[in-house]
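A closer look at the structure
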Amino acid sequence: MTLRLRAGQDPPRLADALLRRVLPPGKRGESILGDLREEFRASPSRSWYWQQALRLVLRYLAEPSRTTLSTPRRSPMLHDLTSDLRSAFRMFRRNPGTSSLIVMTLALAIGASTIGFAFADLALFRGLPVDDPARVVSLFVSDSHGAEPIRRVSTPDFLDYRDRSRTLERLSAFRQGRAALIKDGQSRALTVTWATGDLFLAMGQSAVQGRTLATGDDAPGAPPVALLSHRYWQEEFSGRPDAVGRTMQVGRDIFTIVGVLTPEMEFGNLAEIDAWLPLHLTPDAPRDTRDLRFIARVRDGFTFDQAAAEMAAIGDALAAEYPVTNGGWKIRLIPIRDMTGGQGFWVVIAMFLLSVGLLMAIATANVSNLVLVRAASRQRELAVRAALGARRGRLVRQLVVEGMVLTIVAAMLAVVCAYGGLQVIAAVSSEPVFRQLAIDVHELSFIGMLTLICPLLFSIAPARTISRADTRQVLAAAGSRGSTASMRGRSSLVVAQVSLAVILLTISTLALRSTNAIYGKPTGMDTRSSLVLTLDFNDAQYVDQSQAAAASLATKEALAGMPGIEHAALISALPILAPESTGAFSVDGNAVPPGESAPIAVITAISAEGASALGLTLLTGEWWNRETTGVAVVSRETAIRYLGGVERAVGRQVSYQSGPNRESARVIGVSNDVELDFTRPPVRIWVSMDRIPRRITYVLKARTDAGGLTADVRTAIAATAPAIPIENMVTFEQGFESARQSDYVIIGMLTGFAGLALLLASAGLFGVVSYSAGQRTAEFGTRMALGATAWDVIRLVSGHSIKLLAIGLVIGLAGGVAVGRTMGSLLNGFSPADPVTLLLVSGLLMTITLVATAIPAFRASRIDPVVALRAE
Amino acid sequence: VGGRNFLGEFEQRVLLAILRCAEESYPIEIRREVMRATGHEPSRGAFYTTLDRLESKGLVRWTTKAGAEGRDGLPQRKFTVTPEGVRALRASRKALLELWSGLDRIWTES
């Protein structure tokens with residue numbers, strides 16, 4: 001009976017198992033294991049043991065001793081596998097160039113694909129933080145004018161849904177915004193979301209500390225409570241559990257912190273939320289102020305379709321009951337998953353998945369080509385083995401095992417590449433989504449899957465040539481020339497690569513050009529040298545609305561008085577940079593025809609200096625001055641669509657909803673359209689800022705350089721609004737830049753995929769052309785001996801590559817345009833058959849082909865006929 | 001014969017170490033002796049495969065005995081250098097000395 005050893009002194013079992021596989025059988029191997037044990041017992045360290053074991057394993061795999069091969073005592077299957085592994089390692093040592101090329105190709109392709117997959121994974125599998133995405137729903141409402149559907153509902157509509165729906169439960173609403181946190185007499189801007197108590201039950205999310213908001217927290221008169229996001233809790237309370245029960249002052253109200261939400265909630269833009277506060281619903285709010293987001297759960301026993309039908313019916317009923325505000329509006333229930341990002345988002349994900357697929361296909365084709373070359377040079381070896389009785393299946397299996405070993409090495413490198421790539425992306429863009437990309441079990445499984453599939457794919461072509469090869473013929477042949485069949489196989493692989501790379505290149509060029517076109521298009525404003533910032537004159541620091549208005553006006557005057565500033569204006573929300581509010585409006589008090597919905601416009605309240613500060617162009621009429629109230633300027637699009645044209649707009653009356661009030665304004669002018677889009681510009685009404693809201697954005701037009709003014713602006717604001725924090729002070733161009741950034745990250749990734757694809761395809765092309773030129777050395781020698789010039793030879797060699805290029809280019813461009821058609825909204829009206837794109841892609845491809853051909857062609861033309869013929 | 005049994009440097013070291021260990025010529029001790037004399041630790045993999053190679057060249061032989069304490073009953077090998085091995089060492093030494101002769105200046109200088 002041996003003494004049982006303490007667990008800590010036992011060497012790692014896995015390492016032992018590995019060693020027993022690899023070490024020679026019998027006493028020879030056992031004694032080596034014994035030596036290792038003995039030394040381990042002297043100083044037990046598991047990491048040391050692993051290190052030693054791995055060294056032994058690697059050595060024995062790479063350099064099998066003759067004695068082990070002569071004593072196959074293990075099962076033949078296992079023995080075959082180890083000997084395949086050994087021969088794979090031998091190949092690696094003997095042929096480090098090709099092997100590292102294969103590994104690098106695969107590592108880059110798998111790494112890039114993993115990044116693409118991480119995107120898709122975030123959207124498809126991680127998704128919104130809801131526990132049962134199939135049952136959680138949201139909705140779109142759309143008007144009868146065919147405008148983009150909106151994802152918001154009004155308070156009275158929401159309350160009616162809640163009362164009438166039988167198929168939905170936990171109907172909840174929320175609204176995102178900013179609020180002022182008051183601490184030590186200073187205020188700080190918080191990103192908050194006001195939500196009804198049921199929201200977290202609807203989403204199935206829980207608290208990590210304390211509780212979430214609950215039903216009843218949103219009832220009038222309920223004690224004010226706050227729920228912190230996990231991130232904010234970490235930042236502000238360093239994750240201390242005693243945060244729950246403390247109070248925080250937001251505006252004039254004191255909120256008791258009741259809990260901390262799970263970190264899972266921090267998906268997409270939800271990651272920016274600091275705190276969740278109860279939303280108090282006001283039943284008398286206007287029905288056409290649609291400002292609440294909606295989430296609900298399909299009740300057990302009902303299907304999504306039943307719920308969708310019921311909600312559509314409720315929508316129609318409300319349209320009949322409230323024709324002025326709801327006439328013509330339709331409700332469409334959607335699964336929560338469709339909420340993510342909107343339509344363009346899914347196109348991007350589809351593009352990424354497509355790129356990943358194409359890239360992997362190209363890489364596999366490339367590796368396949370390299371393996372074919374190697375197989376051709378090994379044909380004699382393989383033929384000898386076949387002649388000695390090795391079955392073909394056995395030889396093919398050896399190829400696959402070799403491929404597998406190379407792929408595993410590549411996969412490990414790919415993890416590093418992908419991780420590095422994600423770091424770079426997160427560093428480039430501030431968008432939270434990019435920081436949420438991660439490499440975890442999902443991505444590793446994806447890499448694992450590729451590792452299994454790739455070797456099988458890239459071994460197909462070489463395996464076919466092996467099993468086709470006629471042993472006698474190969475052995476009889478003096479040289480090691482590849483057969484024409486394998487040459488044709490390689491050429492079709494190159495054509496496939498070129499066409500796939502052209503597809504990727506076309507897609508990314510289209511995306512880049514269409515995006516450039518949008519951002520390069522004039523916005524309708526002159527925003528050079530303008531600085532923007534937002535102040536929130538909250539009700540804690542300025543109890544009365546009139547105090548707040550006076551302070552914001554005083555601030556504006558102080559800023560306008562600064563020497564560097566030409567114009568200072570107040571605006572309710574900035575076009576392009578900030579989410580703007582829309583509202584229904586009517587013209588000259590005309591009722592909307594029955595069954596139609598009231599037209600919707602972006603309504604922007606702006607002070608008299610606004611037109612000059614934003615650099616708007618007035619097409620007709622005039623802009624208001626400081627004394628005028630109750631006037632409006634409509635955009636060109638508004639005038640054309642709803643006021644009978646630019647000429648007939650002035651003097652008409654528009655009425656619109658502004659918060660709880662119905663306002664009316666006289667149109668005194670028509671401005672140019674302001675938008676960042678290729679499609680229809682939005683319907684927009686600029687109205688005079690007759691009441692100044694507490695939260696207000698300043699637009700400062702500098703005389704020279706806006707960026708240099710920030711310090712002075714801070715000083716000026718500190719004097720007139722001492723306790724108010726300055727939010728988002730940037731030049732308009734900076735703001736624009738960061739809005740663009742996330743688009744360019746995505747395009748950069750598509751371009752990266754395309755660039756990699758192009759690199760691989762041109763390497764493949766180079767390989768095939770130079771190989772075939774090498775094979776034809778004797779032929780060229782003969783030709784030159786018979787009087788062919790160097791040029792003739794160059795023509796012969798490049799003729800081959802041009803043929804490959806032409807076929808690949810035609811297939812690729814056709815494929816690219818076809819894919820471009822499906823990109824639809826992502827191209828913003830840009831034609832997928834854009835001639836410039838097609839020319840650019842073709843030009844690039846031709847240049848690369850030229851380079852890839854020039855070297856082998858030149859080399860072939862320098863052949864000395866005598867030497868070439870002697871070799872034959 | 002001498003050509004076929006030409007010894008690599010590491011092979012020489014291992015052979016000499018086996019001889020030096022005399023009665024204690026177990027792989028652990030042999031490896032330790034190589035390490036002591038040369039000042040750096042040979043990789044375990046290289047060491048064992050060298051032993052295998054020397055054996056297949058017929059320069060060493062081994063016998064096993066039941067494992068000592070701490071080996072979990074795994075056997076232990078004891079190596080001896082065969083007369084062929086001694087001959088090979090002798091040939092190597094002779095060749096090296098021959099090459100060194102007359103070059104005294106070089107090794108006394110540093």
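Residues numbered from 1 in each chain as written. Chains lettered and ligands numbered in written order. Predicted model: local features only at pLDDT ≥ 70, side-chain atom pairs only at ≥ 80, totals over all residues. Heavy atoms only, no water.

1. Thoughts on the overall build of chain A
Counting its secondary structure elements, chain A contains 27 helices and 21 strands. Burial status across chain A gives 51% buried among its 872 residues. Long-range contacts, defined here as pairs at least 24 residues apart, represent 81% of the contacts in chain A between residues at least 6 apart. Surface exposure of chain A reaches about 38,900 Å², of which carbon and sulfur atoms provide 59%. (Helix = DSSP H or I, 4+ residues; strand = E, 2+ residues; numbered from the N terminus. Buried < 20%, exposed > 50% of the residue type's maximum accessible area, 1.4 Å probe, protein only. Contact = heavy atoms within 4.5 Å. Areas by Shrake-Rupley, 256 points an atom, 1.4 Å probe, with all protein chains shown as cover.)

2. Section: the overall build of chain B
Looking only at helices and strands, one finds five helices and two strands in chain B. Along the chain direction, N to C, the helices and strands of chain B fall in the order α-α-α-β-β-α-α. Counting only residues that meet the buried cut, chain B has 38% of its 110 residues in that class. A fraction of 54% describes how many contacts in chain B between residues 6 or more apart in sequence connect residues 24 or more apart.

3. Some points on helix H23 (residues 732-775) of chain A
Its 44 residues give H23 of chain A an end-to-end C-alpha distance of 62 Å, which sits within 8% of 64 Å, the value for a rise of 1.5 Å per residue. At Gln 741 of chain A, H23 of chain A shows its maximal bend, which comes to roughly 35 degrees. (Expected span 1.5 Å × (residues − 1). Bend = angle between axes of the 7 residues up to and from the residue.)

4. Focus: the pattern of salt bridges
Applying the stated criterion to the full structure yields 46 salt bridges over all chains. Where Arg 135 of chain A meets Asp 300 of chain A, a salt bridge forms, and the shortest distance between an N and an O atom there is 3.7 Å. Highlighted residues: Arg 135 of chain A in the loop between helix H6 (96-126) and strand E1 (136-142) and Asp 300 of chain A in the loop between strand E9 (293-298) and helix H10 (304-321), separated in sequence by 165 residues. For Arg 135 of chain A, a relative accessible area of 23% gives the class partly exposed. A relative accessible area of 62% places Asp 300 of chain A in the exposed class. Residue Glu 663 of chain A is joined to Arg 691 of chain A by a salt bridge in which the shortest nitrogen-to-oxygen separation is 2.7 Å. A residue pair is termed long-range when its members are at least 10 positions apart, and Glu 663 of chain A in strand E18 (residues 661-671) and Arg 691 of chain A in the loop between strand E19 (684-688) and strand E20 (695-702) qualify at 28 residues. Classification of Arg 691 of chain A by relative accessible area gives exposed; the value is 52%. Each of the salt bridges in this network shares a partner with another, and the network as a whole consists of Asp 16, Arg 37 and Arg 41 of chain A together with Asp 72 of chain B. (Salt bridge = Lys/Arg side-chain N within 4 Å of Asp/Glu carboxyl O.)

5. What to know about unusual backbone geometry
Phi is mostly negative for residues that are not glycine, and the peptide bonds are mostly trans. Phi at Asn 728 of chain A takes a positive value of approximately 50 degrees, unusual for a residue other than glycine. In this structure, Asn 728 of chain A sits in strand E21 (residues 727-731). Classification of Asn 728 of chain A by relative accessible area gives exposed; the value is 52%. Positioned with a positive phi, Ala 22 of chain B is a non-glycine residue whose angle comes to about 50 degrees. Mapped onto the elements of the fold, Ala 22 of chain B is located in the loop between helix H1 (9-21) and helix H2 (27-38).

6. Notes on the environment of Gly 420 of chain A
Residue and element names in this part refer to chain A. Tracing the backbone through its elements, the reader meets Gly 420 in helix H14 (residues 392-428). The partly exposed category is assigned to Gly 420, whose relative accessible area is 29%. Taking C-alpha positions, Gly 420 is 9.8 Å from Ile 115, a pair spaced 305 residues apart along the chain.

7. Regarding the interface of chain A and chain B
At the interface, 24 residues of chain A touch 21 residues of chain B. Each partner contributes to the roughly 2,200 Å² buried at the junction of chain A and chain B, and carbon and sulfur atoms together form 52% of this total. Among the residues of chain A in contact with chain B, Arg 28, Asp 35 and Glu 38 of chain A are the three that bury the most area, contributing 25% of the side total. Here chain A is connected to chain B by eight salt bridges. Residue Arg 28 of chain A pairs with Asp 52 of chain B through a salt bridge whose shortest N-O separation is 3.3 Å. Taken together, the links from chain A to chain B amount to twelve residue pairs in polar contact (both at pLDDT 80 or more). Of all elements in the fold, only helix H2 (26-42) and helix H3 (46-62) of chain A reach the threshold of two or more residues within the side of chain A that touches chain B. The element best represented in the side of chain A that touches chain B is H2 of chain A, accounting for 13 residues. Residues of the side of chain A that touches chain B, tallied by class, amount to eight nonpolar, four polar and twelve charged. (Buried area = accessible area lost by both parts, 1.4 Å probe. Polar contact = N/O pair within 3.5 Å; in protein donor to acceptor, adjacent residues only side chain to side chain. Nonpolar A, V, L, I, M, F, W, Y, C, P; charged D, E, K, R; others polar.)

8. Details of the pairing of strand E12 (residues 565-571) of chain A
Residue and element names in this part refer to chain A. Of all seven residues that make up E12, five are buried, and the element is covered over most of its length. The pairing of E12 with E20 spans six bridges and is classified as antiparallel. Residue pairing across strands places Ala 568 opposite Leu 700, the latter belonging to E20. (Pairing = 2+ DSSP bridges.)

9. Structural notes on the pairing of E19 of chain A
All names here are of chain A. With five of its five residues buried, E19 lies for the most part within the structure. Burial of the side chains of E19 extends over both faces: Arg 684, Trp 686 and Ser 688 are buried on one face and Ile 685 and Val 687 on the other. Across five bridges, strand E14 (residues 600-606) lies against E19 in parallel orientation. Following the sheet pairing, Ile 606 is matched in E19 by Ser 688. The pairing of strand E16 (residues 631-635) with E19 spans three bridges and is antiparallel. The partner of Ala 632 across the bridge, within E19, is Val 687.

10. Quick word on the packing of H1 of chain B against helix H3 (residues 44-56) of chain B
Residue and element names in this part refer to chain B. Where H1 contacts H3, the axes come no closer than 10 Å and their chain directions differ by 80 degrees. Classified by the angle their axes make, H1 and H3 are roughly perpendicular. Contacts between H1 and H3 involve Phe 10, Glu 11, Val 14, Leu 15 and Ile 18 on the former and, on the latter, Ala 46, Phe 47, Thr 50, Leu 51, Arg 53 and Leu 54. Residue classes in the contact of H1 with H3 are distributed as eight nonpolar, one polar and two charged. (Axes fitted to C-alpha atoms, helices over the stretch in contact; angles between N-to-C directions. Parallel < 35°, antiparallel > 145°, perpendicular 65-115°, else oblique.)

11. Considering the packing of H2 of chain A against H3 of chain A
Residue and element names in this part refer to chain A. One way to put it is that H2 packs onto H3 with a least axis distance of 10 Å and a crossing angle of 160 degrees. On the basis of their axis angle, the class for H2 and H3 is roughly antiparallel. Where H2 crosses over H3, the two elements pack in a sense that is right-handed. Where H2 abuts H3, its residues Ile 32, Leu 33, Leu 36, Arg 37, Glu 39 and Phe 40 lie against Arg 46, Trp 48, Tyr 49, Gln 52, Leu 56 and Tyr 60. Grouping the constituent residues of the contact of H2 with H3 by class yields eight nonpolar, one polar and three charged. (Left-handed = near helix turned anticlockwise from the far one by under 90°.)

12. Comments concerning the confidence of the model for chain A
All names here are of chain A. In this model, chain A carries an average pLDDT of 83, and 92% of its residues clear a pLDDT of 70 or more. Here residues 65-73 is modelled with pLDDT under 50, and outside its nearest four sequence neighbours on either side it reaches nine contacts, counting other chains as well. For the stretch residues 478-482, pLDDT sits under 50, and the model shows four contacts to residues farther than four places along the chain or on other chains. (pLDDT = per-residue confidence, 0-100.)

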